[in-house]
Amino acid sequence: MFDKEYDVIVVGAGHAGSEAAAAAANSGCSTLLVTMSLQNIAQMSCNPAMGGIAKGQIVREIDALGGYSGIVTDKTAIQFKMLNKSKGPAMWSPRAQSDRMRFAEEWRLMMEATPNLDFYQEMVKGLVVKNHKIVGVKTSLGLEIRGKSVILTNGTFLNGLIHIGDKQFGGGRAGESASTGITEELIELGFESGRMKTGTPPRVDGRSLDFSKMLIQPGDEHPEKFSYSDITKPLTVQRPCHMSYTSALVHDLLREGFDRSPMFNGRIKSTGPRYCPSIEDKINRFADKDSHQLFVEPEGWNTCEYYINGFSTSLPEDVQFKALRSVVGFENVKFFRPGYAIEYDYFQPTQLKHTLETKLVEGLYFAGQINGTTGYEEAASQGMMAGINAALKVKEEDPFILHRDEAYIGVLIDDLITKGTEEPYRMFTSRAEYRTLLRQDNADFRLTPKGYKLGIASEKRLRRMEEKQSKSNNFVDFFKNTSVKPEEINPVLESKNSSTVKQQDKMFKLLARPNITLEDMKAIDSVSKYIADNDLDNEIMEQAEIQVKYAGYIAKERLNADKLHRLEHVKIPADFDYTLLKSLSTEAKMKLTKIQPVSISQASRISGVSPSDISVLLVFLGR
C-alpha cells in the first residue's frame, strides 16, 4: 500500500478532510485519507446541526459543486428550517438538525463507496519536504508515505489543550488525544503560528428534562432539503427542539465560579469566537441582560442525549451543573458530559494562495480550523477547494478559484488570504458584497456547470440543473410577455390593498409589486394553467418569483461585480518590490509585501491599503 506515491494525501478526517478526500478522489487522483480515528470520520464535534445564516448557503454551494455535505445532511436530518424567511431571499438560510451518529456513519459509507480513496488510521507526526516542495508525510510508527501533494486539515487537534475549570489536559476533543509534531515542523519551515480557542456546552440526559416548561421549536411546516440532487427527499416527520432561558439566579451561580474559570484567571490566553461566546463571557460582557436563550437540541432520532446550544462553557463541572439546574425545565437535569474549552494551533491564512496552497511549500495545502475558521460548513468548503486544487496541480491543470461574486466560498477564502484573522472566522451574509447574486436558491445555477467541468458533479446533476434553469427562465418570460385584463387582476390587487389598474398590463410589472406574491397571481387562470401545463414545482416557481421581484437589484449587483472583474484582470507581478514606489504609504508597503496580492482587485481589499495607494499602483502598472 505504501510502496506507491499517492497523488493526494489528506491529513485529518473532519469535515474539511472528508470533503478534501472526496473531491480529490472524484477528480480521478489516487488519494489517501490519514486519520487518528476511522470511527470518527466527519464527526460533529460540537452542535448536531448543519447550515444556518450564510452557512446554509455554503452547504448548498458544496452540494452544487458535487460535494457530499448536503447529501449527508439530508439523509440524516431530523429537522429542517429555512431561517430569515421574513427578510429578502438574499438572507434566506437553510439549517438542519442532524442525527449525530447517523451523520458520521453516512459520511463513512459514502467515503468507502468513493473510487480512488484509501484509508489509514494513525497519527501524522511530520512532513517530508525537499527543496521547498512537499514529498510526503511521517507517521508516529515511523512510516514515510509519499505524496505529490498534502492537505492538512487538523482541526482542533494541533497541540490541543482542553480546559474544564482549573483542570486542563491534552486532547483534540473530549476522549481523543491531541496531535503533536506538525506545528513545530511548520514553524521551522518559516510558517507563522498562533493559538485560538473554541468551546462546547454540556450534553444532558433528555429523560431528566421537563419539556412542558419550555417553548417548543418545531421545524418548518413544509420542509425543504439541502441537496439539489434527486437522491434525497424532504423530511416527512421531524423532531422538535425546545427553548428555555437563563435567569439572574443562573448568572449569579455562574459568577461564583469565575475565580476558577480559565477564561478569567489567565489560563486561556487565546482568542475565542466572538459570535458564539461562552455563557460566562456573555454574562460578563452583557451584564445588563438578565437572561439569555438556550436551545435544547436533540442529538438524534432515538437517543435521549441533548445539546444545550447557548451554554458553551469552560467553568468547573460542579458550577456548570449547579447553574444549569436553576434553568426552567432543568431542575432535575443529569449530565452526560460537561462543557469544556479547547485551545489549539492555527496558521495565519495570509500565508496561503487562493488555491489554499501554502506560499512557502509547494504542494502543501491547509484547510479548515488550521486556517483560523470556525464551523463545519466553513471547514468543509475549504477542504473541497483544497482537494480540487491539489488534484488539478497534480494533473498540471489550471487552478480552480471562485471569485467573490460567484460563491460565499469565494468570499470566505478571499477574506482569509487577503485580510487574515486574529479570531475564529465565521461566515455571515454581511461579509458578501454581492449577496443578492449569492442566494441559497441559485447555487446550482452558479456552480454545477463548474463542478461538472471539474469532473466531480455528474452529468445527471447538470441536466437536472439545466432543466430547472430553462423552466424558471421560461416562466419569467411568460410574465414579461403576457398581459392581464383589469377585471382579472383587480380583485387580486384589491384583496392585497394594492392600487388597481385601469387597462391591461404586463404580469411581470404586477408581480414585481412588493405586496403581490406568486401565490396571489395563481388566482389568474392563465397563470395556473401555465403552471399545470409545464409541471412546475415549488423550487422552479420560487426561483422565477425571485427573478421577477429582484430583477433591478440583481442587475445592479451584476454590474458592480463586472467592474470588480476588470480590476481582477490587472495582475501584479509575483514578488513585486513595493519599496520601490515612494508614493505608497508605509502601511501599504508593509501589508502588500506580506500578502503579495495577485491583482489590483485583491490589493484593494487589504486592510490598510487606501484608494490613493491603489491609484499609485495603477499608474505604475500603466493603467
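Analysis parameters
- Residues numbered from 1 in each chain as written.
- Predicted model: local features only at pLDDT ≥ 70, side-chain atom pairs only at ≥ 80, totals over all residues.
- Heavy atoms only, no water.
- Helix = DSSP H or I, 4+ residues; strand = E, 2+ residues; numbered from the N terminus.
- Rg over C-alpha atoms; globule rule 2.2 N^0.38 Å.
- Buried < 20%, exposed > 50% of the residue type's maximum accessible area, 1.4 Å probe, protein only.
- Contact = heavy atoms within 4.5 Å.
- Areas by Shrake-Rupley, 256 points an atom, 1.4 Å probe, with all protein chains shown as cover.
- Pairing = 2+ DSSP bridges.
- Axes fitted to C-alpha atoms, helices over the stretch in contact; angles between N-to-C directions.
- Parallel < 35°, antiparallel > 145°, perpendicular 65-115°, else oblique.
- Nonpolar A, V, L, I, M, F, W, Y, C, P; charged D, E, K, R; others polar.
- Salt bridge = Lys/Arg side-chain N within 4 Å of Asp/Glu carboxyl O.

(A) Main features of the overall build of the chain. Along its length, the chain carries 21 helices and 23 strands. Since a compact globule built from 623 residues should have a radius of gyration of about 25 Å, the 26 Å found for the chain is in line with a globular shape. Summarising its shape, the C-alpha atoms of the chain cover approximately 80 × 70 × 55 Å along the three principal directions. Taking all 623 residues of the chain together, 58% fall into the buried category. A sequence separation of at least 24 residues applies to 73% of the contacts in the chain between residues at least 6 apart. Accessible surface, the chain as shown: approximately 25800 Å² in total, 51% of it carbon and sulfur.

(B) How the structure looks around unusual backbone geometry. With phi around 65°, Asn-84 is a residue other than glycine that occupies positive phi space. Considering the arrangement of structural elements, one finds Asn-84 in the loop between β4 (77–83) and β5 (93–98). Unlike most non-glycine residues, Asn-131 shows phi in positive territory, near 55°. Under the relative-accessibility criterion, Asn-131 is labelled exposed at 77%.

(C) Spatial organisation of the sheet that holds strand β20 (residues 340–347). The four strands lie next to each other as β12-β11-β20-β13, forming an open sheet whose pairing is antiparallel. Among the strands making up the open sheet, the edge pair consists of β12 (167–170) and β13 (193–200). Averaged over all pairs of adjacent strands, the angle between strand axes in this sheet comes to 25°, irrespective of strand direction. Looking at chain direction, strand β11 (residues 161–164) and β20 are connected through three bridges and run antiparallel.

(D) View of the pairing of β13. Of all eight residues making up β13, six are buried, and the element is well covered by its neighbours. Across eight bridges, the pairing between β13 and β20 is antiparallel. Residue Met-196 lies in a different strand from β20, and its bridge partner there is Tyr-344.

(E) Focus on the sheet that holds strand β7 (residues 124–130). One open sheet holds the three strands; their spatial order is β7-β8-β9, and the pairing between them is antiparallel. In this open sheet, the two edge strands, each paired with only one partner strand, are β7 and β9 (144–146). Ignoring which end each strand starts from, the neighbouring axes of this sheet average 30° apart. Summarising the sheet, β7 and strand β8 (residues 133–139) pair through six bridges and their orientation is antiparallel. Note on β8: the bridge partner recorded for Gly-126 is Lys-138.

(F) Broad picture of the packing of helix α2 (residues 55–65) against helix α3 (residues 69–76). Closest axis-to-axis distance for the α2/α3 pair is 7 Å, and the angle between their directions is 115°. Between α2 and α3, the crossing angle belongs to the class labelled roughly perpendicular. Note on element contacts: α3 touches α2 through Ser-69, Gly-70 and Ile-71, opposite Val-59, Ile-62 and Asp-63. Counted by class, the contact of α2 with α3 contains three nonpolar, two polar and one charged residues.

(G) The pattern of salt bridges, seen in detail. Applying the stated criterion across every chain, the model contains 48 salt bridges. Across the salt bridge formed by Arg-558 and Asp-405, the nearest N and O atoms sit 2.4 Å from each other. Remark: Asp-405 occurs in the loop between α9 (376–394) and α10 (408–419) and Arg-558 occurs in helix α18 (residues 551–568); sequence separation between them is 153 residues. Judged by its relative accessible area of 4%, Asp-405 is buried.

By themselves these figures say nothing about function.
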